[in-house]
Amino acid sequence: MFLAKLMLLGSGELGREFAIAAKRLGCEVVACDRYARAPAMQVADDAEVFSMLDGAALRAAVEKHRPDFIVPEIEAIDTATLSALEGEGWHVVPSARAAQLTMNRDGIRRFAAEELGLTTSRYRFAETEQEALDAAEAVGLPCVIKPVMSSSGKGQSTAGTPDDVRAAFAYAIEKMRGDRPRVIVEEFIRFDSEITLLTIAAADGIHFCAPIGHRQEAGDYRESWQPAALPPAVLEDAQRQAATIVRALGGRGLFGVEFFIAADRAIFSELSPRPHDTGMVTLTSQDPNEFELHLRAILGLPLGPILPRGPSASAVILADRPSRRFRFDGAAEALALGTAETPVDLRLFGKPETLAGRRMGVALARAANVDDAVAAAKAAAAVVTIAHDEEN
Ligand SMILES: Nc1ncnc2c1ncn2[C@@H]1O[C@H](COP(=O)(O)OP(=O)(O)OP(=O)(O)O)[C@@H](O)[C@H]1O
Ligand SMILES: NCC(=O)N[C@@H]1O[C@H](COP(=O)([O-])[O-])[C@@H](O)[C@H]1O
Ligand SMILES: [Mg+2]
């Protein structure tokens, strides 16, 4: 009846678009996350609620549903259980090793810099305040301090003085996920721009999407656009580095490979072995989008040509405080900004709860050039507001 059965580990906005793509291709989808009614669960055939760091619960869900493919959607997963499951013949996307190496910043950074020789910022790891101070001295100030296990900028800050380093270390430990108090201390890169290079490992080899530019605030993305303008030699260098690490990680699927661009250098930052948040722009910028490409690569299907639809942008819609009773206002005004030259669209994720800074939706726009697309996406995102019921 179904083409394949997929189990999503993590069911946020990225998983939801992936689940939609999978349903369109006639797959069965089981969505898992730590809370009920997560975005992907709303479109999946079945759902399971448990912490992805709970190995016993993860194994029980796999043995219950017997998926053809286990598809990690977040970083923080019990990767020892994923490896054990893979050893028993279950198929983990793109591979248990890729999930394990990318879950922690020390894994992927040491693999990229020390084993593969990619260009990265200077870095050290630290587990105590004193080690963080020594690390900061070694890489130089200012430096960026992040928990080794975190994403979307959680627990990340920049330190300009030793006092800042102490505070940044304490902040990172407070906000880290998992049970390992460890941070990465990175040289602060004064980059000209940053990009995500969506790189697909498919049955017939490596493919690239046009580079995606993005702007981050507090370690989380605010707008992304495609294509990002890059000198051809810099793009070639980024593509070479991305192909090197994607091949070395193994398996099939789409990867979001992040680079800082400084002068004529592409500096590898990190990578997601799955669709990337800045890649939500591909929901309007190209066919197939990043979720469809991930699915086709996983299933061993031809990707077909990757066709650009025109300069495009995405801009995030964030909540400003915690609430369980809220509604979106302004969707009509946002969509009314769309014109024949600059079409506008929205994705509202249906998360059941807001938090300060939590991403609740994105606005998408296409235009004659990326600057106009970014302006239109930002304008549309700005008129969508979250109204809270005061009885919370
Ligand atoms: N060494 C650095 N120098 C300058 N800026 C940095 C550095 N490291 C991180 N940043 C800034 O912070 C952003 C987030 O960092 P990073 O990608 O490592 O965090 P993350 O929590 O994994 O985010 P995500 O999960 O959204 O990719 C970067 O995109 C960049 O804008
Ligand atoms: N940078 C990684 C990223 O964007 N991941 C996306 O955010 C969701 C978690 O959102 P939440 O924290 O609001 O639950 C994840 O499930 C994934 O879709
Ligand atoms: Mg990142």
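Residues numbered from 1 in each chain as written. Chains lettered and ligands numbered in written order. Predicted model: local features only at pLDDT ≥ 70, side-chain atom pairs only at ≥ 80, totals over all residues.

## Examining the nonpolar core
Then, number 1: In this structure, Leu8, Ala31, Ile145, Ala363, Ala365 and Ala377 are the most contacted members of the largest nonpolar core, which totals 113 residues.
Then, number 2: In contact with Ala377, not counting residues within four places along its chain, are Glu223, Ala313, Ser314, Ala315, Ala363, Leu364 and Ala365. (Core = buried A, V, L, I, M, F, W, Y, C linked by C-beta atoms within 7 Å. Buried ≥ 20, exposed ≤ 12 C-beta atoms within 10 Å, placed from the backbone. Contact = placed C-beta atoms within 7 Å.)

## Considering the environment of Asp372
Then, number 1: Among the structural elements, Asp372 can be located in helix H12 (residues 370-383).
Then, number 2: Of the residues examined, Asp372 has 16 C-beta atoms within 10 Å and is grouped as partly exposed.
Then, number 3: Sequence separation of Asp372 and Ala334 is 38 residues, and the distance between their C-alpha atoms is 15 Å.
Then, number 4: For Asp372, the residues in contact, after removing those within four places along its chain, are Thr342 and Ala367. (Helix = DSSP H or I, 4+ residues; strand = E, 2+ residues; numbered from the N terminus.)

## Some words on the site of ligand 1
Then, number 1: Taken together, 20 residues lie near ligand 1, and Ser151, Glu186, Ile189, Gln216 and Gly219 sit nearest.
Then, number 2: Elements with a contribution of two residues or more to the shell around ligand 1: strand E6 (143-147), strand E8 (183-187) and strand E14 (265-272).
Then, number 3: Partitioning the shell around ligand 1 into residue classes produces three nonpolar, nine polar and eight charged.
Then, number 4: Viewed by domain, the shell around ligand 1 spans two of them, domain 2 (122-187) and domain 3 (193-388), each represented by three or more residues. (Near = placed C-beta within 6 Å. Nonpolar A, V, L, I, M, F, W, Y, C, P; charged D, E, K, R; others polar. Domains from an automatic or database assignment.)

## Comments concerning the packing of helix H4 (residues 96-103) against helix H5 (residues 105-115)
Then, number 1: As a packed pair, H4 and H5 sit with axes 4 Å apart at the nearest point and diverge in direction by 105°. For the element pair H4 / H5, the angle class is roughly perpendicular. Contacts between H4 and H5 involve Gln100, Leu101, Thr102 and Met103 on the former and, on the latter, Gly107, Ile108 and Phe111.
Then, number 2: Taken together, the residues that form the contact of H4 with H5 break down as four nonpolar, three polar and no charged. (Axes fitted to C-alpha atoms, helices over the stretch in contact; angles between N-to-C directions. Parallel < 35°, antiparallel > 145°, perpendicular 65-115°, else oblique.)

## A closer look at the domain arrangement of the chain
Where interface size is quoted, it is often the accessible area lost as the parts come together.
Then, number 1: Here the domain parsing of the chain yields domain 1 (5-92), domain 2 (122-187) and domain 3 (193-388).
Then, number 2: One C-alpha centre belongs to domain 1, the other to domain 3, and the line joining them spans 22 Å.
Then, number 3: Of all the elements in the fold, those that place two or more residues in the side of domain 1 that touches domain 3 are helix H1 (13-24) and strand E4 (69-72).
Then, number 4: When residues in the side of domain 1 that touches domain 3 are grouped by element, the largest group, seven residues, is from H1.
Then, number 5: Along the lines of polarity and charge, the residues of the side of domain 1 that touches domain 3 split into nine nonpolar, one polar and five charged.

## Examining unusual backbone geometry
Peptide bonds are, in most cases, trans, and in most cases residues other than glycine have a negative phi.
Then, number 1: In the segment running from Val93 into Pro94, the intervening peptide bond is cis, with an omega of -15°.
Then, number 2: Looking at where Pro94 falls in the secondary structure, it is placed in the loop between helix H3 (79-87) and H4.
Then, number 3: The amide bond that connects Leu141 to the next residue, Pro142, takes the cis arrangement and shows omega of -5°.
Then, number 4: Mapped onto the elements of the fold, Pro142 is located in the loop between helix H6 (129-139) and E6.
Then, number 5: The phi angle at Ser152 is positive, at roughly 50°, despite the residue not being glycine.

## Details of the sheet that holds E6
Then, number 1: Spatial strand order, E5-E8-E6-E7: four strands in an open sheet with antiparallel pairing. What marks the edges here is a single partner per strand, and that holds for strand E5 (123-126) and strand E7 (157-159). Strand-to-strand, the axes of this sheet are offset by a mean angle of 30°, without reference to chain direction.
Then, number 2: In terms of strand pairing, E6 meets E7 through three bridges, oriented antiparallel. Bridged to Cys143 within E7 is Ala159. (Pairing = 2+ DSSP bridges.)

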